[in-house]
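# Summary of structural features
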Amino acid sequence: WTAAAQVGGGAPWSKAKLVYFKAASALHADFEVHRNWLAITHNLPLSQWYFEATSEWTLDYPPFFAWFEYVLSHIAKYFDPQMLVVENLNYTSRATVFFQRFSVIFTDTLFIYAVHECCRCINGKRAAKDILEKPTFILAVLLLWNFGLLIVDHIHFQYNGFLFGLMLLSVARLCQKRYLEGALLFAVLLHFKHIYVYVAPAYGIYLLRSYCFTANNADGSLKWRSFSFLHVTLLGLIVCLVSALSLGPFLVLGQLPQVISRLFPFKRGLCHAYWAPNFWALYNAMDKALTILGLKCNFLDGTKIPKASMTGGLVQEFQHTVLPSVTPLATLICTFIAILPSVFCLWFKPQGPRGFLQCLVLCALSSFMFGWHVHEKAILLAILPLSLLSIQRAKDAGIYLILATTGHFSLFPLLFTTPELPIKILLMLLFTVYSFSSLKSLFRREKLLLNWLETIYLIQLVPLEIFCEIIFPLTSWKQQFPFVPLLLTSVYCALGITYAWLKLYVSVLTERVPVRQKAE
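Residues numbered from 1 in each chain as written. Predicted model: local features only at pLDDT ≥ 70, side-chain atom pairs only at ≥ 80, totals over all residues. Heavy atoms only, no water.

For helix α17 (residues 380-390), a buried count of 11 out of 11 residues is recorded, marking the element as mostly surrounded by other parts of the structure. Turning to α17, its buried residues are L380, L381, A382, I383, L384, P385, L386, S387, L388, L389 and S390. (Buried < 20%, exposed > 50% of the residue type's maximum accessible area, 1.4 Å probe, protein only. Helix = DSSP H or I, 4+ residues; strand = E, 2+ residues; numbered from the N terminus.)

Our focus in this paragraph is the packing of helix α7 (residues 135-144) against helix α19 (residues 420-442). Running from N to C, α7 and α19 cross one another at 160°; their axes reach a closest spacing of 11 Å. Classed by the angle they form, the pair α7 and α19 counts as roughly antiparallel. Where α7 crosses over α19, the handedness of that crossing is left-handed. Taking contact as the criterion, the partners of P135, F137, I138, V141 and L142 in α7 are, on α19, F431, Y434, S435, S438, L439 and L442. The residue makeup of the contact of α7 with α19, split by class, is 9 nonpolar, 2 polar and no charged. (Axes fitted to C-alpha atoms, helices over the stretch in contact; angles between N-to-C directions. Parallel < 35°, antiparallel > 145°, perpendicular 65-115°, else oblique. Left-handed = near helix turned anticlockwise from the far one by under 90°. Contact = heavy atoms within 4.5 Å. Nonpolar A, V, L, I, M, F, W, Y, C, P; charged D, E, K, R; others polar.)

This paragraph deals with the confidence of the model for the protein chain. Reading predicted coordinates in detail is not appropriate for stretches of low pLDDT. When pLDDT is averaged across the protein chain, the result is 88; 88% of the residues are at 70 or more. The low-confidence segment residues 11-25, where pLDDT is below 50, has 30 contacts with residues more than four positions distant or belonging to other chains. Predicted confidence for residues 308-316 stays below pLDDT 50, and this span has 20 contacts to residues more than four positions away or in other chains. (pLDDT = per-residue confidence, 0-100.)

For the structure on display, the rule yields 42 aromatic pairs. A ring pair is formed by F279 and W280, whose centres lie 4.9 Å apart and whose planes are at 75°; its orientation type is edge-to-face. You can call F279 partly exposed: its relative accessible area is 31%. The exposure class assigned to W280 is buried, which follows from its relative accessible area of 4%. Taking 5.0 Å as the distance between ring centres and 35° as the angle between the ring planes, the aromatic pair formed by F409 and F412 counts as tilted. In this structure, F409 and F412 share a single accessibility class: buried. Pairwise contacts between aromatic rings join F31, W37, Y61, F64, F65, F68, F157, Y159, F162 and F192 into one cluster. (Phe/Tyr/Trp six-rings, centres within 6.5 Å; stacked < 30°, edge-to-face > 60°.)

This part is about the packing of helix α10 (residues 179-190) against helix α12 (residues 229-252). For the pair α10 and α12, interaxial distance at closest approach is 9 Å and the crossing angle is 25°. Here α10 lies roughly parallel to α12, going by the angle between them. For the pair α10 and α12, the crossing hand works out as right-handed. Here α10 contributes L180, A183, L184, A187 and V188 to the contact with α12, which in turn contributes L234, L235, I238 and V242.

The next point concerns the UniProt feature "transmembrane region" (unreviewed entry) in the protein chain. When the UniProt feature table is mapped onto this chain, "transmembrane region" (unreviewed entry) is found at residues 135-152, 182-208, 228-253, 329-349, 355-374, 422-443, 455-477 and 483-502. Its end C-alpha atoms 26 Å apart, residues 135-152 is made of 89% helix and 0% strand. Span residues 455-477 is 74% helix and 0% strand, its end C-alpha atoms 30 Å apart. (UniProt positions renumbered as here; feature names shortened; annotations may be inferred.)

Let's shift gears to the side chain of E420. With respect to the helices and strands, E420 occurs in helix α19. Here E420 sits buried without a salt bridge, and the closest side chain of opposite charge, R101, lies 6.6 Å off (N-O distance). (Lys, Arg positive; Asp, Glu negative; His and termini not counted. Salt bridge = Lys/Arg side-chain N within 4 Å of Asp/Glu carboxyl O.)

As a further point, take a nonpolar patch on the surface. A surface patch of nonpolar side chains, amounting to about 740 Å² of accessible area, comprises V71, I75, Y78, F79, F98, F102 and F106. Ranked by residue count, the leading element in the nonpolar patch is helix α5 (residues 94-107), at 3 residues. Along the chain, F102 turns up in helix α5. Under the relative-accessibility criterion, F102 is labelled partly exposed at 37%. (Patch = residues over 30% accessible without salt bridge, like charges linked within 9 Å, V, L, I, M, F, W, Y side chains within 5 Å. Areas by Shrake-Rupley, 256 points an atom, 1.4 Å probe, with all protein chains shown as cover.)

For the rest of this paragraph, the subject is the pattern of salt bridges. The full count for this structure, using the stated rule, is 13 salt bridges. With its nearest N and O atoms 3.3 Å apart, the salt bridge here joins D30 to K377. Separated by 347 residues along the polypeptide, D30 in helix α3 (residues 29-43) and K377 in the loop between α16 (353-370) and α17 bring together distant segments of the chain. Relative accessible area serves as the criterion here: at 12%, D30 is assigned to the buried category. A residue is classified by how much of its surface remains accessible, and K377, at 13% relative accessible area, is buried. The shortest N-O distance in the salt bridge between E117 and R173 comes to 2.8 Å.

With that out of the way, let us pick up unusual backbone geometry. Look at F157: it is not a glycine, yet its phi comes out positive at around 85°. Mapped onto the elements of the fold, F157 is located in helix α8 (residues 147-157). Its identity as a non-glycine residue notwithstanding, H373 has a phi of 50°, on the positive side. With respect to the secondary-structure elements, H373 resides in the loop between α16 and α17.

Right under this line is the structure:
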């Protein structure tokens with residue numbers, strides 16, 4: 001098993017997942033989402049894919065993912081044709097469950113291969129006699145057994161594994177200086193799931209800096225005369241061809257605006273039903289606190305305040321009571337400002353693949369912190385690539401432990417049934433204990449990975465979970481304030497994720513890059 005994990009081999013890993021999804025029998029909303037998309041793409045012509053609205057779970061992923069569902073549907077018909085009937089809302093059967101669960105495991109083979117390629121990119125400066133202490137082995141486990149990816153894909157049900165496989169493979173190709181392959185993979189990825197546009201600035205600037213400009217001066221500054229028009233043209237052709245293949249048919253049908261409206265539904269509101277643990281969760285909580293204070297001090301009229309606004313569980317637009325309401329444009333501006341320093345660092349303080357990964361993680365985190373209608377699952381977009389940095393420096397390992405522990409804990413509300421409680425706690429403990437022990441062993445000669453304040457913060461997640469899962473349901477507050485556990489989880493985790501984001505930013509901005517490394 002250890003050798004398989006180190007090189008990215010996945011036979012034992014896949015067998016474990018088979019046992020795992022057998023235990024994860026609960027069906028969540030995303031199971032019906034993807035069943036409905038199978039039915040839409042299988043039965044309806046292309047011209048109706050982004051108009052069909054029999055189910056509330058309309059098709060809102062880019063065309064490449066729709067074609068992916070189309071291909072799966074032609075396999076699914078041999079398992080249970082009834083799952084492909086559009087009108088069969090919330091349809092389930094043993095064959096349907098088996099097919100959808102197994103399809104996720106099968107497509108994870110791309111993720112396994114991508115992890116293998118990422119492990120090949122790791123230098124061997126920290127050689128170890130014991131295979132369990134090798135950086136490549138630790139990285140393989142941190143990626144293959146990532147707690148968040150396991151529960152999101154194999155209990156909650158999604159296809160993030162092969163999508164992250166595409167992203168990690170594109171990262172590996174850029175690290176290997178196979179720039180066109182990396183660009184092609186990322187372009188394809190964007191047309192599978194548009195959330196990866198969060199990290200597009202990192203890709204764009206890195207390819208421009210490292211591929212379109214082919215040389216640096218001795219002091220590390222850019223040699224402007226090294227600009228390659230051919231390289232820019234090749235990158236442009238890749239982007240145009242992939243976009244034409246994906247969006248071209250809908251452009252011909254005159255349906256591109258409809259597709260765009262499905263991909264970017266701004267009417268869904270600032271926050272999801274469960275607030276993603278980001279800046280807006282803290283903003284909402286502050287608005288709630290000020291509202292309560294205003295009511296008690298008679299500064300606000302209680303009859304004019306909507307009940308349970310922003311916490312009622314519905315996905316819709318809400319107005320803040322005290323603080324200014326936030327618009328999509330405001331979130332876009334905040335995100336742009338938050339990303340800008342990391343992009344400048346990538347351009348003016350080039351560090352090769354390491355600098356690219358730092359910028360990628362910061363772009364993902366900044367978009368998560370300030371984006372519009374962010375899902376809590378988007379935190380994985382920062383955690384997974386940060387795994388590659390965590391095995392290289394003790395400072396990055398400490399940030400990884402904070403972000404991964406807090407970010408993974410914030411996913412707990414996705415699994416809310418009683419049978420899932422021991423599963424998520426056990427898996428979280430296993431992954432967290434391994435992360436801490438392996439990284440501590442890897443950097444045993446370095447200073448402590450976490451300071452005492454960071455350690456206390458993470459330990460407090462335990463009483464928070466006990467209160468939310470055991471104590472609160474036994475109190476009378478459950479009927480009157482059912483949103484309290486979600487609010488506490490979101491706000492507490494938002495503090496940790498914000499701290500990790502700021503700490504990584506400070507690390508990147510204050511890091512000194514040797515002139516020789518800049519020139520290289």
